[in-house]
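Coordinates in review
One-letter residues, chain by chain:
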Amino acid sequence: MNADNKTYARYAEKRAKKSPVLQNCARAFTVGGIICCAGHALRVLWSAAGLSEDDSGMMASVTLILVAVLLTGFGKFDEIAKFAGAGTLVPITGFANAVASTAIEARSEGLVTGVGAKLFTVAGPVIVYGVSAGAIYGAVYFVLTKLF
Amino acid sequence: MRKPLKLKNRIYIAASASVAGRDEAAGPLGGLFDVTDTEGNRFGEDTWEKAESAMQRMATDEALRRAGYRADEIDALFAGDLLDQCVGSNYAHSGSGIPYLGLYGACSTAAEGMILAALACEAGLGVCAAVTSSHFCTAERQFRFPLEYGGQRTPTSQWTVTGAGAFILSRERRGGGVLPRITEVMAGRIVDRGISDLSNMGAAMAPAAADTLLRYFGAGADPSDFDLIITGDLGREGTDILLDLCAASDLDIAPRHADCGLMIYDGCSDKHAGGSGCGCSAAVMAADVLVKVREGALKNVLFLGTGALMSPVTVNQGSTIPGIAHLVRIAGEEG
């Protein structure tokens, strides 16, 4: 990039209206916190229903996924996310929405070439790098536990 | 076309028509659009892509009806949209029987189509049509995220207009009254100033608009010759940058300048920096500006179709966003 363009890019970036970071953080904290509390409440409820600690944790996640997918299908999730930002994106609800919204979008192209092929176009990186990080962590854990 | 090309023949915009979606119909120009879908932007179709084609068809049919021409009297049709392979246009006109040339000029397509249709008339064709569309739901899929994906937009991002515009250009003048005439055209140059933020198209397009304006006014005309200098979809961000760039070159267009992207939505709506997409300038020109020329409220108009010539693939590969701005001079002529 030549010097003129660098100056222009800096000028454009400087004058661009900035996102309201503090407001976004406050909203993300509030909504994200509410979702986490809801997750914990679900866990308590599933435990009370007689599930083991592991199973109730898993069922709490599954319930959150179900709610997020239903809200996506009814066209409400994006409206909540517009307000909440990272508050809905970071918890498992964001992942569920990324998959469900892509499925809805690709529906018109068929179940194989549409939904099947495009289901993970948005959520794919989370799976790829999440699984990769898990594998690396597992390998390191294995080596360290064998050594010491 | 290094210099502005003055057309030797009298080439009229015999009629224009506009189609707009729900949010656009709820905006400040809402009452001016000829056809709107205030329900859900599907225009009676089952996919968004078909809906966009339907919009182009509706705009073309309405413009032809107003101009008093049948489809088989049109010598050539120049049409474009934002989709891969220009399918919005291809499917819209597949049954029309009109000789067809598909265009891709990103958001500048309305002006590009007008220029080419005017040149085709200048070369000897009798009647040509220029038709352009964009649809929020097809463009989001093409360029961004699924519609129901939950994310936040940055304040500089723009909103693709669900809209279409059709313009019938003719050498023959039918009827009295004032008719808009295309008197001068100039193709833009591709200008890339190193912007890589897909959410700040205004900053990518503004230098191209400034380049075209400086070339045009450098060739002799003066901003005071015009009642209106209107850009396609620079939005809030791009408009401010364009005025800065022009002022830095001692060109004062501010009192006469307007931007279709800022006209189509009201400030309090959720559209951030304003409207974009090639349906934005097409619908605003057809519904508002050309109507005012016909009514005599505007006599000389300079229309700049602005476009960001990128794809998400090239931007992900690290390329910056090139911009372009094509120029069309329109004058009202009494019958």
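What counts as what
- Residues numbered from 1 in each chain as written.
- Chains lettered and ligands numbered in written order.
- Predicted model: local features only at pLDDT ≥ 70, side-chain atom pairs only at ≥ 80, totals over all residues.
- Helix = DSSP H or I, 4+ residues; strand = E, 2+ residues; numbered from the N terminus.
- Buried ≥ 20, exposed ≤ 12 C-beta atoms within 10 Å, placed from the backbone.
- Contact = placed C-beta atoms within 7 Å.
- Domains from an automatic or database assignment.
- Nonpolar A, V, L, I, M, F, W, Y, C, P; charged D, E, K, R; others polar.
- Axes fitted to C-alpha atoms, helices over the stretch in contact; angles between N-to-C directions.
- Parallel < 35°, antiparallel > 145°, perpendicular 65-115°, else oblique.
- Left-handed = near helix turned anticlockwise from the far one by under 90°.

**Notes on unusual backbone geometry**
All names here are of chain B. Positive phi values are uncommon outside glycine, yet Q85 reaches one of about 60 degrees. In this structure, Q85 sits in the loop between β3 (76-80) and α3 (87-92). Given 10 C-beta atoms within a 10 Å radius, Q85 is considered exposed. Phi angles above zero are rare outside glycine, and D250 is one such case at about 60 degrees. Here D250 lies in the loop between α7 (235-248) and β10 (257-259).

**Here's the deal with helix α5 (residues 136-143) of chain B**
Within α5(B) the residues assigned to the buried category are B:F136, B:C137, B:T138, B:A139 and B:R141. Among the structural elements, α6 (92-106) of chain A together with α2 (48-67), α3, β5 (127-134) and β6 (159-160) of chain B are those in contact with the buried residues of α5(B).

**A look at the domain arrangement of chain B**
All names here are of chain B. By the assigned domains, chain B splits into domain 1 (5-170) and domain 2 (179-333). Put simply, the middle of domain 1 and the middle of domain 2, counted by C-alpha atoms, are 17 Å apart. Each partner contributes residues to the interface: domain 1 has 54 residues there, and domain 2 has 55 residues. For the side of domain 1 that touches domain 2, the secondary structure elements donating two or more residues are β1 (5-20), α1 (22-25), α4 (109-122), β5, α5, β6 and β7 (163-170). By residue class, the composition of the side of domain 1 that touches domain 2 is 29 nonpolar, 18 polar and seven charged.

**Section: the packing of helix α2 (residues 21-48) of chain A against helix α3 (residues 53-73) of chain A**
Residues and elements named next belong to chain A. Two numbers describe how α2 lies on α3: the axes approach to 8 Å, and their chain directions differ by 130 degrees. On the basis of the axis angle, α2 is oblique to α3. For the element pair α2 and α3, the recorded crossing hand is right-handed. Residue-level contacts link G39, L42, R43, W46 and S47 of α2 to E53, S56, G57, M59, A60, T63 and L64 of α3. Residue composition of the contact of α2 with α3, grouped by class: five nonpolar, five polar and two charged.

**Considering the interface of chain B and chain A**
With 21 residues of chain B at the interface, the matching set in chain A holds 30 residues. For the side of chain B that touches chain A, the secondary-structure elements that each account for two or more residues are α6 (201-218) and α7 of chain B. Among the residues making up the side of chain B that touches chain A, the classes are represented as nine nonpolar, eight polar and four charged.

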